[in-house]
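Letter by letter, the chains look like this.
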Amino acid sequence: MTTELATNGKPFVHQQAAHCETGVTSALFRHQGVDISEPMIFGIGSGIFFGYLPFLKLSHLPITAFRSKPGSVFRKAAKRLGASFVIKTYRDPQKGMDELRQVLKTGKIVGLATNLYWLPYVSERHRHNFSGHNIIVLRETDCGFRICDPTFALVDCTADGLERARFVPGPLNPRGHMYYTKSVNPHPDLRGACIKGMKDSCNAMLKIPIPIFGVRGIRFLAKRVVKSPDKLGFQEACRNLAGLVRWVEETGTGGAGFRYMYAAFMHEAAGLFGSAELADLAEEMDAIGNNWRDFSVVSARIIKKRGKEEATFVKAGELMLTCANREEAFFNNLQKVVRKLKA
Amino acid sequence: MKINEVPQDDVPDYSQGIKKGNYALDDQGKYVMVPSKGWVIDEQINKMAYDEYQDKVEETRKAVLAGQKSPLAYYMELRQMIPKFLGKTAGIATFRVKRHLRPEIFSKLNDSVLDKYAKALAITREDLKIVPQNSYER
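Residues take numbers from 1 onward in each chain, read along the sequence in its written order. Chains carry letters from A onward and ligands carry numbers from 1 onward, assigned in written order. Since the coordinates come from a predicted model, pLDDT governs what is reported: local features require at least 70, and pairs of side-chain atoms require 80 or more to be given and counted, while whole-chain, interface and lining totals use all residues. Each side-chain value is derived from all of the structure's non-hydrogen atoms; neither hydrogens nor water enter the calculation.

*Asks:* Would you mind showing me how to read the overall build of chain A here?
*Replies:* Helix and strand definitions here come from DSSP, where helices need a minimum of 4 consecutive H or I residues and strands a minimum of 2 consecutive E residues; each element is numbered from the N-terminal end. On a plain count of helices and strands, chain A comes out with eleven helices and ten strands. Atoms counted for the radius of gyration: C-alpha only. Globule rule: 2.2 Å times residue count to the power 0.38. The C-alpha radius of gyration of chain A comes to 20 Å, within 12% of the 20 Å expected for a compact globule of 343 residues. Contacts: residue pairs with any heavy atoms within 4.5 Å of one another. Taking the intrachain contacts of chain A between residues at least 6 apart in sequence as the baseline, contacts between residues at least 24 apart amount to 69%. A total of about 13700 Å² of accessible surface is found on chain A, and carbon and sulfur atoms cover 53% of it. Averaging the coordinates of the 48 positive side-chain charges in chain A and doing the same for the 32 negative ones gives two points 6 Å apart. Accessible areas in this description were obtained via Shrake-Rupley with a 1.4 Å probe; residue shielding takes into account the shown protein chains only. When charges are counted, neither His nor the chain ends are considered; positive counts come from Lys and Arg and negative counts from Asp and Glu. Throughout, a charge is located at the NZ atom of Lys, the CZ atom of Arg, the CG atom of Asp or the CD atom of Glu.

*Asks:* Looking at this structure, I do not really get the overall build of chain B. What am I missing?
*Replies:* If you tally the helices and strands in chain B, you get seven helices and two strands. For chain B, the sequential pattern of α-helices and β-strands runs β-β-α-α-α-α-α-α-α. Compactness check: chain B gives a C-alpha radius of gyration of 21 Å against a globular reference of 14 Å for 138 residues, more than 25% above the reference. Judged by the C-alpha coordinates and their principal axes, chain B covers about 70 × 30 × 20 Å. Three exposure classes are used, based on accessible area relative to the maximum for each residue type with a 1.4 Å probe and protein chains only: buried under 20%, partly exposed in between, and exposed over 50%. Expressed as a percentage of the 138 residues in chain B, the buried residues total 44%.

*Asks:* Just to check I follow, could you spell out the sheet that holds strand β9 (residues 154–157) of chain A for this structure?
*Replies:* Within a sheet, each strand pairs with its neighbour through backbone hydrogen bonds, oriented either parallel or antiparallel. All names here are of chain A. Whether two strands pair comes down to DSSP finding at least two bridges between them. With antiparallel pairing, six strands are arranged side by side in an open sheet as β5-β10-β6-β7-β8-β9. Pairing within the sheet leaves two strands with one partner each, and these edge strands are β5 (84–88) and β9. For this sheet the average axis-to-axis angle between neighbouring strands, irrespective of direction, equals 30°. Looking at chain direction, strand β8 (residues 144–148) and β9 are connected through four bridges and run antiparallel. Pairing of R146 across the sheet is with D156, part of β9. In the packing of helix α1 (residues 20–31) onto the sheet, contacts are made with β6 (110–114), β7 (133–141) and β10 (178–183), and the angle to β7 comes to roughly 45°. Helix α3 (residues 72–80) contacts β5 and β10 of the sheet and is inclined by roughly 160° relative to β5. Orientation is described by axes fitted as lines to C-alpha atoms, over the contacting stretch for helices, and by angles from 0 to 180 degrees between their N-to-C directions.

*Asks:* What should I look at first to understand the side chain of R146(A) in this one?
*Replies:* All names here are of chain A. Its place among the elements puts R146 in strand β8. Judged by relative accessible area, which is 15%, R146 ranks as buried. Not counting the four nearest positions on each side in its chain, R146 is found in contact with E4, I136, V137, L138, R139, T141, L154, V155 and D156.

*Asks:* Teacher, can you tell me more about the layout of surface pockets here?
*Replies:* Left-over empty space is what a probe sized like a water molecule reveals as it rolls over the atoms. Here the term cavity refers to a set of points on a 1 Å grid, laid over the protein atoms alone, in which a 1.4 Å probe fits but cannot get out; the term pocket refers to an open set having protein on both sides within 12 Å along at least five of seven lines, with lining residues being those that place an atom within 4 Å of a point. Grid points are joined across faces, edges and corners, and a volume is the space filled by probe spheres set on the points. By volume, the second largest pocket is sized at about 500 Å³. Among the secondary structure elements, those contributing two or more residues to the lining of the second largest pocket are α5 (159–167) of chain A together with α3 (83–90) and α6 (111–121) of chain B. Classes in brief: Ala, Val, Leu, Ile, Met, Phe, Trp, Tyr, Cys and Pro nonpolar; Asp, Glu, Lys and Arg charged; the others, Gly included, polar. Of the residues that constitute the lining of the second largest pocket, the class distribution is seven nonpolar, two polar and eight charged.

*Asks:* How should helix α1 (residues 40–65) of chain B be read in this particular structure?
*Replies:* Working note: α-helix, 3.6 residues per turn, so residues spaced by three or four point in the same direction. Working rule for helices: expected span equals 1.5 Å times residues minus one. For α1(B), which comprises 26 residues, the first-to-last C-alpha distance of 37 Å matches the rise-based estimate of 38 Å (1.5 Å per residue) to within 8%. One or two positions beyond α1(B), positive phi appears at G67(B), with a value near 80°.

*Asks:* It is not clear to me how the side chain of N46(B) should be interpreted in this structure. Could you clarify?
*Replies:* If you trace the backbone, N46(B) turns up in helix α1. A polar contact of 3.4 Å, which involves the side chain of N46(B), links it to the side chain of R246(A). Residue contacts for N46(B): discarding those within four places in its chain leaves R125(A), R246(A) and E250(A). Here a polar contact is recorded for every N or O atom pair within 3.5 Å, except that within protein the pair must consist of a potential hydrogen donor and a potential acceptor, and residues adjacent in sequence are included only if both atoms are side-chain atoms.

*Asks:* Where do I start with the pattern of salt bridges in this structure?
*Replies:* Between side chains of opposite charge, a pair can form when the charged atoms approach closely. All names here are of chain A. When a carboxyl oxygen of Asp or Glu is within 4 Å of a side-chain nitrogen of Lys or Arg, the pair counts as a salt bridge. Taken as a whole and judged by the stated rule, the model has 18 salt bridges over all chains. Between D200 and R80 there is a salt bridge, with its nearest N and O atoms 2.8 Å apart. Taken as a pair, D200 in helix α6 (residues 190–206) and R80 in helix α3 lie far apart in primary sequence, 120 residues in all. A residue is classified by how much of its surface remains accessible, and R80, at 17% relative accessible area, is buried. Taking the shortest distance from any N to any O, the salt bridge between K340 and E277 comes out at 2.9 Å. Of this pair, K340 sits in helix α11 (residues 313–340) while E277 sits in helix α10 (residues 276–304), and the two are 63 residues apart along the sequence. Judged by relative accessible area, E277 falls into the partly exposed class, the value being 36%. Through salt bridges with shared partners, one network takes in K76, R80 and D200.

*Asks:* I'm lost on a positive patch on the surface in this one. Help?
*Replies:* On the surface, K57(A), K223(A), R224(A), K227(A) and K231(A) cluster together into a patch of positive charge. Looking at the element boundaries, K231(A) is found in helix α7 (residues 214–232). Patch rule: a residue counts if its relative accessible area is over 30% and it has no salt bridge; like charges are joined within 9 Å, and nonpolar side chains (Val, Leu, Ile, Met, Phe, Trp, Tyr) within 5 Å.

*Asks:* Is there a simple way to explain the interface of chain B and chain A in this structure?
*Replies:* Buried accessible area, meaning the area lost when the parts come together, often serves as the stated size of an interface. At the junction of the two partners, chain B supplies 42 residues and chain A supplies 47 residues. Two parts placed together each lose some accessible area; with a 1.4 Å probe, that loss summed over both constitutes the buried area. Here chain B meets chain A over a buried area of about 3900 Å², counting both sides, of which 58% is carbon and sulfur. Of all residues in chain B, Y23(B), Y31(B) and I45(B) bury the most surface against chain A, accounting for 17% of the area lost on that side. Along the contact surface separating chain B from chain A lie one salt bridge. Between E52(B) and R239(A) there is a salt bridge, and its shortest N-O distance comes to 2.9 Å. Those elements that provide at least two residues to the side of chain B that touches chain A are β1 (20–25), β2 (31–36), α1, α3 and α6 of chain B.

*Asks:* What exactly am I supposed to notice about unusual backbone geometry here?
*Replies:* Outside of glycine, negative phi angles account for most residues, and trans bonds account for most peptide bonds. Even without glycine at this site, S46(A) takes up a positive phi of about 50°. Mapped onto the elements, S46(A) comes out in the loop between α2 (38–44) and β3 (48–58). Non-glycine residue A122(B) carries a positive phi angle of around 55°. Along the polypeptide, A122(B) turns up in the loop between α6 and α7 (125–129).

*Asks:* Mind showing me how you'd approach the domain arrangement of chain B here?
*Replies:* Domain delimitation follows an automatic or database domain assignment. Entries for chain B in the domain assignment read domain 1 (3–38) and domain 2 (42–129). Each of domain 1 of chain B and domain 2 of chain B has a C-alpha centre, and these two points are 38 Å apart.

Structure (structure tokens):
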């Protein structure tokens, strides 16, 4: 934990976060005096999701999302917590940068979506052409901007580098996506917000009538994984599987495709409502997270060609199906429990 | 996941000592953020993706030196772009970008087009015309 000053001299506390967008959102709220944790934001903003998007490619591999679409966590969480907020995108980079400077001058701190490849402080190893990385700009300095990257640290960034990272076209083009809270409700209705968030998550995981989203999406992908070595050849199937494991573990998920983070949210919510049922569900979510971890381990073994008997694509697909079944049961139970909760 | 189950493997550090956050249960049954030193699985998957990227860049560099592709192709790979996004960044139609990947067409480009590419790829115009003789040092 480190402290840094914003433009108006208000101290900003940097707290390490697991995921960029939830980290940014909770930091924006904390800065305005509402103490709210990252998992709480994740749950209230209905961050948990599953979507397999074979038609969207990132470095030639399909996108598998374990979270809802970028930007929605902030929007939903801010709405449900009764904050007034601004979300903007720009066509003209110059205008986007000018407005950023203006907002900073009023003493606000601003969340931005940027491209991970062009952020100057990112190490060579972690650079991907991925345009959904969220950061906070604290203030303008002589040589650029002072930035807090919740998954990383407090860093300096040149104005040119930031402009490029904000506006470079790419998959999921950010178009200078910028967001900040104008004012927040100092005593938000946490219970009501939690209920809304949980209901929304249940619908997203169970009710979307398209087979690539939610629980059905996991099953869809599981079948594809099982068939992939026959369809694509072993090498290519391994590449695809490795890409999938990266989405589970690498993209700042707090472990196991956000499932541990959601378990943390359920746990906090259980304390908030004093509900033993929610506490049980938190344990179940944790177990689902362990299941996803097992999947990652088995996948890594397949790719390394170790343990030929037990680590096969069929086994990996089976593990995913187990996850799907358990998650379906989990969200069905959650739906029943949420109905009984009172805001 | 319990605190002691958070992977703390001894893997090379690429992020200047900044550790990745994991949510885990502590002894009192509360979730806390636990920094992880790294996980062999993560490292293996990351290394695979990174090696693949480097191999691709190196392959393209050799193809350019052999006269099969234009230097533009090399810098496009280096910046992890594809013709569609390079075209959008530079303000040039995708089909033209694809044509410019051929060395005989690239060599006839005038300076204004080269400048657009150089700006989009964040290099100088002179750099854009050549590729390194030796593999890219990192």
